[in-house]
Amino acid sequence: MASVGATPGRTPQGPGPREASASFPSPAPVPEPREAEEEDEEEPAEIHLCVLWSSGYLGIAYYDTSDSTIYFMPDAPDHESLQLLQRVLDEIDPQSVVTSAKQDENMTRFLGKLASQEHREPKRPEIILLPSVDFGLEISKQRLLSGNYSFIPDSMTATEKILFLSSIIPFDCLLTVRALGGLLKFLGRRRIGVELEDYNVSIPILGFKKFALTHLVSIDQDTYSVLQIFKSEPHPSVYKVASGLKEGLSLFGILNRCRCKWGEKLLSLSRRRAQAPDAQAQWPRPMGPAAPRHVGSSRTGAQTRVPCMAGGLPTTAPPGKPRLWFTRPTQDLEELNSRLDVIQFFLLPQNLDMAQMLHRLLGHIKNVPLILKRMKLSHTKVSDWQVLYKTVYSALGLRDACRSLPQSIQLFRDIAQEFSDDLHHIASLIGKVVDFEGSLAENRFTVLPNIDPEIDEKKRRLTGLPSFLTEVARKELENLDPRIPSCSVIYIPLIGFLLCIPRLPSMVETSDFEIEGLDFMFLSEEKLHYRSARTKELDALLGDLHCDIRDQETLLMYQLQCQVLARAAVLTQVLDLASRLDVLLALASAARDYGYSRPRYSPRLLGVRIQNGRHPLMELCARTFVPNSAECGGYKGRVKVITGPNSSGKSIYLKQFSLTFTSATRGTGPCLLPYSAGGESSEQCHRAVAGPY
């Protein structure tokens, strides 16, 4: 993504000191220019941040008064705890945070905590809520395109201005566009930087620049498409053509072997995001090539045409977190090495059985955040208790297994420590209280025996009702008209006990239903239902047993939910660490199958050295593939000129180099670079390859 800024022209200087003193006598000597600059006090810089969070993605834009520039970060996936947003706040320390007044519970809770941070230095940011209409997509586009920017020449036509801004601002990132529009609305309302000027003076905006966090590598969406890091294609099933996308042949597709299913919610949200209206179709971005490109090498004779999707990042997010790592490459060597340590451990042959056991346990880690949300709303289902029970016990199995593994590896140590005894407490409570078989049979929450003596007694009475009511019916029949051949006493929840007798042929009119000593209730299926003295006595003696049992069991369920919600923090930690382990296990499996080797990072080598590198996708499509070595940087030079005839493999060579380098900034499966056995790599991750061209 290009960034554009405009440097304001120098203000024409007035006459020099000597000329001024010659024309007008001055009571005090005029200071030299350097002295004047020292005496000038700079106004403190202010940063105003606008943020939107929706469907698991974050859109951020902020205005810095020190250089009058608007910075933006393209739509990025973020966890429900908004960890990425917290990193942005810690890094830029804004004076105000602007967002929509219409937000979900996660953002509301986050802003509430942010506003209550009294320890924040120098002071807490001001939380500003604007009407949601100010963040509309179309109105935000109009604000961006109609703005008066000093870096755009006045000679540009309206069409040229649209094309120029489209090459700077990612209009296909809908949240970012809405955040930019909301930020412009806020700046215009507060008159930031021009408070004392006339109203016709616009806010000074000298440029739009892309913003990336420290230690995060910025890679544009065209690069993801051209390198086939992600590739979506329509689902082959006729039932999912309208709503389904699946991952095609891509680096992400061959490395994703996650077993954790709790990412299904993110999958559905990402698919909806992929089907959103294409902003690029309305505001063209003349940035990346739109024609299909050749992916192949004439060395092997294999060649495939793959369309270059410049319209944005394909969005299919299978379970686990590899996609999050793919979209957030990092330069933090400590983080990269901590990931690679885990992968290398599971690549050892003696650890294969342990890896398979952990992978089986991870298959039972489900969507706990959804269950906790239902608990807060008291909408818990029977299946939720089963899922939670399996998840907690699987987490305990992961903890016990990781405690037997080397504690020198950070991830194993974190799982062994963070998976506290609260998990055992939750599992023990659920196992001792919930009657899973009874709950499935009745399709509601039921408790095991010996939990509540009162419930047990009522259940005993309810169980013995059939034989007891048969005896009551026999006594009732003795007092009825001899013409009535039979009767029964039934129990109906919410209504109580009723005497049921068959309808006689003589009973035609409603008045014929009246029987002395009985209160007629209703007619159903040719049977008359009455209240008698005995049934009223049963109502007073036994009460509404079924409803009383349900009410008491519901109360116990509420108490159990409170116990679980009080320990929700450990469940969140389980998901974070389990998903991390799941991803690394999946990547270790892919590295074992494809023969990848671990890259090595050296702070002494200012460049990249690749020995016998392979294109991870091309080698799967071709019968044979010739490995390529490469060195760049240092005394080898930073610029390489690659020549050759058409279909000689130039594109594959460039893409292979780009994939190798960008993969090394993830510390994930692709960081296990496709070198041959004994291959060597030394890198210093300070820059990202912007693309294969």
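Residues numbered from 1 in each chain as written. Predicted model: local features only at pLDDT ≥ 70, side-chain atom pairs only at ≥ 80, totals over all residues. Heavy atoms only, no water.

Right, let's talk about the overall build of the protein for a bit. Secondary structure assignment for the protein yields 25 helices and 19 strands. Across the 693 residues in the protein, those meeting the buried criterion constitute 47%. Surface accessibility of the protein: about 35100 Å² in total, with carbon and sulfur atoms responsible for 53%. (Helix = DSSP H or I, 4+ residues; strand = E, 2+ residues; numbered from the N terminus. Buried < 20%, exposed > 50% of the residue type's maximum accessible area, 1.4 Å probe, protein only. Areas by Shrake-Rupley, 256 points an atom, 1.4 Å probe, with all protein chains shown as cover.)

When the terminal C-alpha atoms of helix H25 (residues 650-664) are compared, their 21 Å separation across 15 residues agrees well with the 21 Å that a helix rising 1.5 Å per residue should span. Within H25, 11 of the 15 residues are buried, which leaves the element mostly enclosed by the surrounding structure. Restricting attention to buried positions, one finds in H25 the residues Ile-652, Lys-655, Gln-656, Phe-657, Ser-658, Leu-659, Thr-660, Phe-661, Thr-662, Ser-663 and Ala-664. (Expected span 1.5 Å × (residues − 1).)

A separate point is the pattern of salt bridges. This structure, assessed with the given rule, holds 28 salt bridges. The residue Glu-478 makes a salt bridge to Arg-474 at a minimum N-O spacing of 3.2 Å. Here the residue Glu-478 and the residue Arg-474 both occupy positions in helix H20 (residues 453-478), the gap between them amounting to four residues, near one helical turn. For Lys-536, the salt bridge goes to Asp-519, with nearest N and O atoms at 2.7 Å. You can see Lys-536 sitting in helix H21 (residues 533-542) and its partner Asp-519 sitting in strand S14 (residues 519-524), a full 17 residues away along the chain. Classification of Lys-536 as partly exposed rests on a relative accessible area of 41%. Relative accessible area serves as the criterion here: at 37%, Asp-519 is assigned to the partly exposed category. Via salt bridges that share partners, Glu-442, Arg-444, Lys-459 and Glu-553 belong to a single interconnected network. (Salt bridge = Lys/Arg side-chain N within 4 Å of Asp/Glu carboxyl O.)

Moving on: the sheet that holds strand S15 (residues 527-531). Read from one edge to the other, the open sheet built from four strands follows the order S12-S13-S15-S14, with strand pairing classed as antiparallel. Since the sheet does not close on itself, it has two edges, and those belong to strand S12 (488-492) and S14, each with one partner. Here the average twist between neighbouring strands, direction ignored, is 35°. Packed on one face of the sheet, H20 meets S12 and strand S13 (496-502) and runs near 145° to S12. (Pairing = 2+ DSSP bridges. Axes fitted to C-alpha atoms, helices over the stretch in contact; angles between N-to-C directions. Contact = heavy atoms within 4.5 Å.)

Moving on to helix H3 (residues 83-92). Every buried residue belonging to H3 is among Leu-84, Leu-85, Val-88, Leu-89 and Ile-92, and all of these are buried. The buried residues of H3 occupy one face: seen down the axis, they fall within an arc of 140°. One or two positions beyond H3, positive phi appears at Asp-93, with a value near 50°. (Arc of directions from axis to C-beta.)

Here we come to the environment of Gly-634. Locating Gly-634 in the fold gives a position in the loop between strand S18 (628-633) and H25. With relative accessibility at 53%, the residue Gly-634 sits in the exposed group. Put simply, Gly-634 and Gly-607 are 27 residues apart on the chain and 6.0 Å apart in space, counted from C-alpha to C-alpha.

Okay, the packing of H20 against helix H22 (residues 545-566) next. Where H20 contacts H22, the two axes come as close as 10 Å, and the packing angle between them is 150°. In terms of orientation, H20 and H22 fall into the roughly antiparallel class. The interaxial crossing formed by H20 with H22 has left-handed handedness. Residue-level contacts link Glu-454, Ile-455, Lys-458, Lys-459, Arg-461, Leu-462 and Leu-465 of H20 to Leu-545, His-546, Asp-548, Ile-549, Gln-552, Glu-553 and Leu-556 of H22. Considering only residue class, the contact of H20 with H22 consists of six nonpolar, two polar and six charged. (Parallel < 35°, antiparallel > 145°, perpendicular 65-115°, else oblique. Left-handed = near helix turned anticlockwise from the far one by under 90°. Nonpolar A, V, L, I, M, F, W, Y, C, P; charged D, E, K, R; others polar.)

This part is about the nonpolar core. Phe-346, Leu-571 and Leu-581 are the most contacted members of the largest nonpolar core, which has 77 residues in total. For Phe-346, the contacting residues outside a window of four places in its chain are Asn-351, Met-354, Ala-355, Leu-358, Phe-412, Leu-581, Leu-585, Ala-588 and Arg-592. Counting 33 residues, the second-largest nonpolar core is a separate cluster that includes Ile-128, Phe-171, Leu-183 and Ile-203. (Core = buried A, V, L, I, M, F, W, Y, C linked by side-chain atoms within 4.5 Å.)

Within the secondary structure, Leu-423 sits in helix H18 (residues 421-433). Overall, Leu-423 belongs to the buried group, its relative accessible area being 0%. The spacing of Leu-423 and Arg-567 is 144 residues in sequence and 8.2 Å in space, taken between C-alpha atoms. What Leu-423 contacts, discounting residues up to four positions off in sequence, is Val-392, Ala-395, Leu-396, Val-570, Leu-571 and Val-574.

Glancing now at the environment of Leu-251. Summarising the element assignment, Leu-251 is placed in helix H9 (residues 251-255). For Leu-251, a relative accessible area of 2% puts it in the buried group. Sequence separation between Leu-251 and Phe-230 is 21 residues; the distance between their C-alpha atoms is 6.6 Å.

Turning next to the packing of H3 against helix H4 (residues 105-115). For the pair H3 and H4, interaxial distance at closest approach is 12 Å and the crossing angle is 30°. Between H3 and H4, the angle falls in the class roughly parallel. As H3 packs across H4, the resulting crossing turns out to be right-handed. In contact with Leu-85, Gln-86 and Leu-89 of H3, H4 contributes Met-107, Phe-110 and Leu-114.

For strand S2 (residues 47-54), a buried count of seven out of eight residues is recorded, marking the element as mostly surrounded by other parts of the structure. The pairing of S2 with strand S3 (residues 57-64) spans eight bridges and is classified as antiparallel. Bridge pairing in S3 links His-48 to Tyr-63. Once S2 ends, the chain turns through two residues before running back antiparallel as S3, passing Ser-55 with a positive phi of about 55°.

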